Amino acid sequence: MRDLSAKALQKIAEQYGSEPVNVLEISWSDNIPIQVYADVNDNLIRGKILEISSLDNIINITDSADSQEISVVLDDTDGIIKAIMNTNDVHKRDVWVKQWFKGLAFSDRFLLFRGKISSPVVWNEGDRTVSFTILSQLEDKEVGFSPEEGQFPYIPKELIGQTWPLIFGTPLDVPAVQINKAITGTILCGVGIISGQQYHRGTPLGGNPPDTRLAEAQRRHVGFVSSAWFDQDSELYEQYKEQYTGLRDQINKSWDQYERKRICALQKRSRTANDAEEQGEGCNPVRILGGEDFPRGEIELNIGGGVFTGYFNDDLFHITSRRHKENEEQAEAAANPTGTPCDVSEATPAAPQGYLFEDRVPPWKSFSVSKRGWYTTKGYIFPATPSSTENQPSRTLQQFWADAGTKVDNDGFIPLYYIVSIIPGTVLKVKAYKDFHGDKRLVDVPTDLYNVINVTYGTIDTVQVVLTKALTSIQDQEWAGDDIYVTFESSVGPNIVDILTYLITNYSDLSIDATSFAAVETKLAPFPANFAILDRKNIVDVLQEIAFQARCSLRISNGVFFLSYLPEEPSSVATLTEDDIENQSVSVALTDTEALVTKYTAKWRLSYAQEDLDRIVLRHNVNKYGIQEETYEYYIYNQPDIIFKIATFWLIRKSNSWKKFNCNVFLNNLNLETFDAVTLDFNTNYVSNSDVKAIIEKATFNSANQTIELECWVPIKAGSMVEYPFAWPADEEADAEFPTQEEFDAGNAGGNGIGADAVGNLPIGQIPLGDNAPIYIGGPNIVFGPQTDTGDPHPTDVGFTAQSLRIDSTIGDIVSIPKPVLSLDMFYLSDAKPLELPDRPNSTSLILEETKIYTNAGQEVGYLDNFLKFNSDGDDTELGLRMDAKVVALANAGEFGRLDDVWSIADDDGNVLANKTTAIYTDETDTAEFDYKFDTEGEKWGAGTAFLKEED
């Protein structure tokens, strides 16, 4: 409702038909004071207004739009305005259109509307006039930001015109804007990398050196014997000297051969590594097609998976170092095999081997007490563990090669920056597409692959996600691209009032009416808006789209935005009776036929990553008016139950033919303006059987007859004289059902086609909707109930709570682990080597513990120490039989028993070895106890059956 002063209203009441004075206040320039013009001459103002059109103030109740327009012609006989126009751009300058009644103080003039000068702006020399149009709409501001608007020294061509996201609420999977791209090129010559040189050169050669200890001992022994015969026997001296020289030469030759082999192996290893590097690294420098696009200075390049460090000179890349991570890991694994050798016997230290050298020497030079005239050398040698190649690498060098034509990029080594939003907030999820064997799925990006930062560019604050490396540069993870999608919780929203306030404050030079905005804010709390603005659009268009989708009217009146909630029944600001209207000015009309919509398709999205929009299709009055279609995208909401309710509201408004009440009112109603609710209370039932509220859609001040032409929308359908219950559904009872029973009976609910009676279960399983809810939301699953084309069965706001959507809509998490480097070689057991006994020159000796006994057939019987033992008494050492030795048949090694089964010590002193009378004897077939008999005459024992004498 227009704000007029009390004095102005009183003056209008007193002078019903008096003509008001139209006043224009124009700000031609910031450097020129506001100029005041009127359509009459007065001491206070200049009468320069020659013409002023009817003041149109029109709205469309279905589009919630509001516009005010007036055309003006000013007298410029004195040329003052032309002079202003010569030095100032007057387009889009502010204009205030006011009215004033003579007799009032000039300060009591009242504002009709505020606007801006719009084209056509014409100065006419013939009649010395200036004409222009004044529009109330703000139309020269864009929402959002794109880089070309800023003062960045360098802007990639891909970013020109690229809008940075403006996020409100918590939308799902908003595409982030990548602000630095990976540069690519193509090598024109092959390059390679050789890895593992340090292991190739540094791995021990293996192999034990020659074991010459026995020969050294023998050489020393022979040397002493030779010197002992020096002055005694020249022939023996020369013989032993020759043996000494031969042993020395043999030892030296063995070590010389070993050293030659060791040096040869080292040289071959080094030459192999050098040749591999010389031949396997390819071109340097390498020419790169597109190399001029890469940064200058030292950089790292990814060439087919290899990392090359160097610098560019034009399109030539000079390589200073190179590496291949996977090959380096394989080389390290090859150089350090795990596990133990399979041939354990070779790794076990061998038993010590004894040696004994004895040679005659002159007795006086003998050192052997027991063998005078002999020189004896004896001892033990512990053989070295045999060298095994079982766990030694067969190869550590690894080769990588990239042929000419291989792609070159630097995306694996530079962080990639993405703009998430230019409104502060919190990053909840970062996702990207992953290729699962040809099936692309949106999955979470592991948190260790990105960071979230806040960066300010002058007046633009940004939230950014920084990938530590391009996803596609990560081997074996099969990312389908480097585009990322961010679920973001903005600091603005999700209430529409907060969002509208932010946009008006930051992208317009107008203000808001705090009272109306606050009143609507509580109404919109159950309907959270979660969306992103990804294109730069006109601020008025954006505001009107948001207001429409939220079922609000947003209008500009005199530079101030006012907000009202359309589903709520408004409060009346005035009552119109017969006394307020001009005679014969009443007319009743209906909604234009072309404005009817009987099939309404609402498109929407759950996630910004989805390729196709989802749909909700509603039908009403098809049976009455036929099919008249309209499709609209609801982009501010991502919850289908909210869209379902809102689309139902607009279906009701668009699918019915409503009554329009038109009349002319007198100037005492000059304070009425569009979107005001008035009560129609007439004695004549023009539109209803009783008084009814109506919304002013059009208010035109007609200066010719000093009246105001009103066009009002009435919430009564054509053919009815009572208010339709769902015209203002917000506060209807929770159980009030739409469509009404009358509409069902008339066949006007839904499409009412042959499919209205289709029944049965679709082959998708059964999902309980619960409480007959029309929509069920379970994670990413959106399920609609029966006959949802009739709309929300309960369009009221009472008791409505939107179902929550899962923010974690990831198909499957990816666990980022490096590919394991495995050893897949086959291992075999080597043949066991036969035991080699050392040579024993000049003597033959047996070691009891090491000498085995075999039968003639070659069957092993045992070691000598199983049969013989040393008997030591003081210094005397004797070799004797073991009484526990096994007795066997040498023919077949069959065991018969032990010696103590046959022999025993006869006396108590143990001095006589005697045959046991209980011994068991056997031949090849029979075994029995031996028959012992005693010859009393000869006093001898004998075989009993062999005696022919009388037995005792």
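Scroll up a little and you will see the structure.
Because the structure is a prediction, the values reported are computed rather than measured.

Below, the discussion takes up the sheet that holds strand β27 (residues 485-490). On the basis of which strands lie adjacent, the open sheet formed by four strands has the order β10-β27-β23-β24 and antiparallel pairing. Of all the strands in the sheet, just β10 (174-175) and β24 (439-444) have a single pairing partner and so form its edges. Alignment of strand β23 (residues 425-436) against β24, held across six bridges, turns out to be antiparallel. Bridged to Phe436 within β24 is Asp439.

Glancing now at helix α4 (residues 213-228). Between the first and last C-alpha of α4 there are 23 Å, a value that for 16 residues agrees with the 22 Å anticipated at 1.5 Å per step. Turning to α4, its buried residues are Ala217, Gln218, Arg219, His221, Val222, Val225, Ser226 and Ala228.

The next thing to look at is the sheet that holds strand β34 (residues 599-604). One open sheet holds the three strands; their spatial order is β35-β34-β36, and the pairing between them is mixed. The strands lining the two open edges of the sheet, one partner per strand, are β35 (614-619) and β36 (629-633). Strand-to-strand twist across the sheet, computed as the mean angle between neighbouring axes with direction ignored, equals 20°. In this structure, β34 lies alongside β36, joined through five bridges in parallel fashion. By the bridge assignment, Thr601 is partnered in β36 with Thr631.

The full count for this structure, using the stated rule, is 31 aromatic pairs. With 6.5 Å between their ring centres and 90° between their planes, Tyr600 and Tyr634 make a pair best called edge-to-face. Of this pair, Tyr600 sits in strand β34 while Tyr634 is found in the loop between β36 and α12 (640-655), placing the two residues 34 residues apart along the sequence. Judged by its relative accessible area of 0%, Tyr600 is buried. Taken together, a centroid distance of 5.1 Å and an interplanar angle of 70° make the contact between Tyr632 and Tyr634 edge-to-face. Using a relative accessible area of 1% as the deciding quantity, one classes Tyr634 as buried. Through a chain of ring-to-ring contacts, the aromatic side chains of Phe548, Tyr600, Tyr632, Tyr634, Phe649 and Trp650 assemble into a single cluster. Taking the ring centre of Trp479 as reference, the NZ or CZ of Lys434 above it sits at 5.0 Å. Over the ring of Phe527 we find Arg551, and its NZ or CZ is 5.0 Å from the ring centre.

By the element assignment, Leu135 lies in strand β8 (residues 129-135). Note: C-alpha distance between Leu135 and Glu69 (66 residues apart in sequence) is 4.7 Å. In this structure, Leu135 is in contact with Gln68, Glu69, Phe113, Gly115, Lys116 and Ser118, ignoring residues within four places of it in sequence.

Within the structure shown, the criterion is met by one disulfide. With its sulfur 1.7 Å from that of its partner, Cys189 forms a disulfide with Cys283. Placement of Cys189 in the loop between β12 (184-187) and β13 (191-195) and of Cys283 in the loop between α5 (234-280) and β14 (286-289) is noted, with a sequence separation of 94 residues between them. Classification of Cys283 by relative accessible area gives partly exposed; the value is 24%. Just so you know, Cys663 is unpaired, no disulfide at all, and the nearest cysteine sulfur is the one on Cys712, 5.9 Å from it.

What follows deals with the pattern of salt bridges. Under the counting rule described, the total for this entry stands at 32 salt bridges. For the salt bridge of Lys429 with Asp444, the shortest nitrogen-to-oxygen distance reads 3.1 Å. Taken together, the positions of Lys429 in strand β23 and Asp444 in strand β24 put the pair 15 residues apart, joining distant regions of the chain.

Residue position: Glu743 is located in helix α13 (residues 741-745). Of the residues examined, Glu743 reaches a relative accessible area of 4% and is grouped as buried. In terms of polar contacts, Glu743 uses its side chain to reach the side chain of His620, at 3.2 Å. Engagement of the side chain of Glu743 in a polar contact is seen with the backbone nitrogen of Thr740, the distance being 2.9 Å.

On to the pairing of β27, then. Moving residue by residue along a regular strand, the side chains alternate between the two faces of the sheet. The buried count for β27 comes to five of six residues, which makes it a mostly enclosed element. By the bridge criterion, two bridges tie β10 to β27 in an arrangement that is antiparallel. In the sheet register, Pro175 faces β27, and the bridge partner there is Tyr485. Where β23 meets β27, six bridges bridge the pair, whose relative direction is antiparallel. By the bridge assignment for β27, Lys431 is matched with Tyr485.

Right, let's talk about the side chain of Lys116 for a bit. Summarising the element assignment, Lys116 is placed in strand β7 (residues 110-124). Only 2.7 Å separates the side chain of Lys116 from the side chain of Asp94, close enough to count as a polar contact.

Burial along strand β19 (residues 374-381) is one-sided: the residues Tyr375, Thr377, Gly379 and Ile381 are buried and none of Trp374, Thr376, Lys378 and Tyr380 is. Of the strand pairs in this sheet, strand β18 (residues 353-360) and β19 are connected by eight bridges, and their pairing is antiparallel. Each bridged residue has a counterpart across the sheet, and for Tyr355 the counterpart in β19 is Gly379.

Before going further, it helps to spend a moment on α5. Its 47 residues place the ends of α5 67 Å apart at the C-alpha level, agreeing with the 69 Å of an ideal helix rising 1.5 Å per residue. Every buried residue belonging to α5 is among Tyr237, Tyr240, Leu247, Ile251, Arg269, Ala273, Ala276 and Gly280, and all of these are buried. The inward-facing, buried residues of α5 contact β13, α3 (197-202), α4, β18 and β20 (398-402). In this structure Asp233 caps α5, since a side-chain oxygen of it lies 3.0 Å from the backbone nitrogen of Glu235. Backbone geometry just after α5 places Gly282 at a positive phi near 70°.

To continue, consider unusual backbone geometry. A negative phi holds for most residues other than glycine; trans holds for most peptide bonds. Of note, the bond from Gly493 into Pro494 is cis; its omega dihedral lies within 30 degrees of zero at 10°. Checked against the element boundaries, Pro494 lands in the loop between β27 and α8 (496-507). A cis amide bond links Phe738 to the next residue, Pro739, at an omega of -10°. In this fold, Pro739 is placed in the loop between β40 (707-717) and α13. The backbone of Phe675 shows a phi angle near 75°, a positive value even though the residue is not glycine. If you trace the backbone, Phe675 turns up in the loop between β37 (658-666) and β38 (677-680).

Reading the values: rules and limits
Residues numbered from 1 in each chain as written. Predicted model: local features only at pLDDT ≥ 70, side-chain atom pairs only at ≥ 80, totals over all residues. Heavy atoms only, no water. Pairing = 2+ DSSP bridges. Helix = DSSP H or I, 4+ residues; strand = E, 2+ residues; numbered from the N terminus. Expected span 1.5 Å × (residues − 1). Buried < 20%, exposed > 50% of the residue type's maximum accessible area, 1.4 Å probe, protein only. Axes fitted to C-alpha atoms, helices over the stretch in contact; angles between N-to-C directions. Phe/Tyr/Trp six-rings, centres within 6.5 Å; stacked < 30°, edge-to-face > 60°. Lys NZ or Arg CZ within 6 Å of the ring centre and 35° of its normal. Contact = heavy atoms within 4.5 Å. Disulfide = S-S within 2.5 Å. Salt bridge = Lys/Arg side-chain N within 4 Å of Asp/Glu carboxyl O. Polar contact = N/O pair within 3.5 Å; in protein donor to acceptor, adjacent residues only side chain to side chain.

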